[in-house]
Amino acid sequence: MTDTIFGKIIRREIPATIVYEDDEVLGFKDIAPQAPVHVLFIPKNEAIPTLDDLQPSQAHLIGKLALAAAEYARREGLAQDGYRVVMNCREYAGQTVFHIHLHLLAGAPLGRFGTAG
Ligand code: AMP
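Residues numbered from 1 in each chain as written. Predicted model: local features only at pLDDT ≥ 70, side-chain atom pairs only at ≥ 80, totals over all residues. Heavy atoms only, no water.

Asker: Even after reading the chapter, I still don't get the site of the ligand, so can you show me in this structure?
Answerer: Near the ligand you find 16 residues, and of these Asp30, Asn88, Thr96, His101 and His103 are the closest. Between an oxygen atom of the ligand and a main-chain N or O atom of Thr96, the distance comes to 2.7 Å. Across the complex, the protein chains shield 85% of the 500 Å² of accessible surface that the ligand would expose by itself. When atoms are counted within 2 Å of each cavity's grid points, the one that captures over half of the ligand is the largest pocket. Secondary structure elements with two or more residues in the shell around the ligand: α1 (5-10) and β2 (25-29). In terms of residue class, the shell around the ligand is built from eight nonpolar, six polar and two charged. (Near = heavy atom within 4 Å. Polar contact = N/O pair within 3.5 Å; in protein donor to acceptor, adjacent residues only side chain to side chain. Areas by Shrake-Rupley, 256 points an atom, 1.4 Å probe, with all protein chains shown as cover. 1 Å grid on protein atoms, 1.4 Å probe; cavity = no way out; pocket = protein on both sides within 12 Å on 5 of 7 lines; lining within 4 Å. Sits in = over half its atoms within 2 Å of the grid points. Helix = DSSP H or I, 4+ residues; strand = E, 2+ residues; numbered from the N terminus. Nonpolar A, V, L, I, M, F, W, Y, C, P; charged D, E, K, R; others polar.)

Next comes the structure, spelled out in structure tokens:
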């Protein structure tokens, strides 16, 4: 398994504020939040570097990340007002950690996204 800082969080080798966990998914607060609520959801058992590396046999993991984010949002009372989920892939999207992850951003109206430059 390719190691990253997220691997160290999974193994509890470095601290993180863990807010969600099930058999396959770990959710923890982003260290540099871009919104009042910014949580990252990652697969615990497979370190897939980017969305481009996802294999058909691993496709269910994306659904698990989405379900975990939605459950967390409901639990925290964020679902009514809404939220954004984002997955960055490689350089142009600004990906910095190469262990696939879903960002959950919430807690205030969010600006538009996807502009170049
Ligand atoms: P990305 O740019 O999509 O690769 O997102 C990686 C995210 O991981 C960034 O938002 C970082 O702030 C976050 N991050 C990096 N190191 C840590 C850490 N040790 N604990 C929590 N979040 C982290």
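Asker: Would you explain the environment of Ile10 in this entry?
Answerer: As for its placement among the helices and strands, Ile10 is situated in helix α1. Separated by 16 residues in the primary sequence, Ile10 and Leu26 have C-alpha atoms spaced 7.4 Å apart. If near-sequence neighbours (up to four positions away) are discounted, Ile10 is found in contact with Leu26, Ile42, Pro43, Lys44 and His99. (Contact = heavy atoms within 4.5 Å.)

Asker: Looking at this structure, I do not really get the sheet that holds strand β4 (residues 83-86). What am I missing?
Answerer: One key point about sheets: their strands pair by backbone hydrogen bonds, in either a parallel or an antiparallel sense. Spatial ordering of the open sheet is given by β1-β2-β3-β5-β4, a layout of five strands whose pairing is antiparallel. The open sheet has two edge strands with one neighbour each: β1 (18-21) and β4. When strand polarity is set aside, the average angle formed by the axes of neighbouring strands in this sheet is 20°. Running at roughly 150° to strand β3 (residues 37-43), helix α2 (residues 60-75) makes contact with β1, β2, β3, β4 and β5 (102-106) of the sheet. (Pairing = 2+ DSSP bridges. Axes fitted to C-alpha atoms, helices over the stretch in contact; angles between N-to-C directions.)

Asker: Whenever I open this one, the environment of Glu71 confuses me. Can you help?
Answerer: Secondary-structure assignment places Glu71 in helix α2. C-alpha separation for the pair Glu71 and Tyr20, spaced 51 residues apart in sequence, amounts to 9.2 Å.

Asker: What exactly am I supposed to notice about the pattern of salt bridges here?
Answerer: Side chains that differ in charge, positive against negative, can pair when their charged atoms come close. By the definition in use, this model includes eight salt bridges. Salt-bridge contacts for Asp3 lead to Arg11; the nearest nitrogen and oxygen are separated by 3.0 Å. Here Asp3 falls in the partly exposed class, since its relative accessible area comes to 39%. A relative accessible area of 41% means that Arg11 is categorised as partly exposed. Taking the shortest distance from any N to any O, the salt bridge between Glu21 and Lys44 comes out at 2.9 Å. A residue pair is termed long-range when its members are at least 10 positions apart, and Glu21 in strand β1 and Lys44 in the loop between β3 and α2 qualify at 23 residues. (Salt bridge = Lys/Arg side-chain N within 4 Å of Asp/Glu carboxyl O. Buried < 20%, exposed > 50% of the residue type's maximum accessible area, 1.4 Å probe, protein only.)

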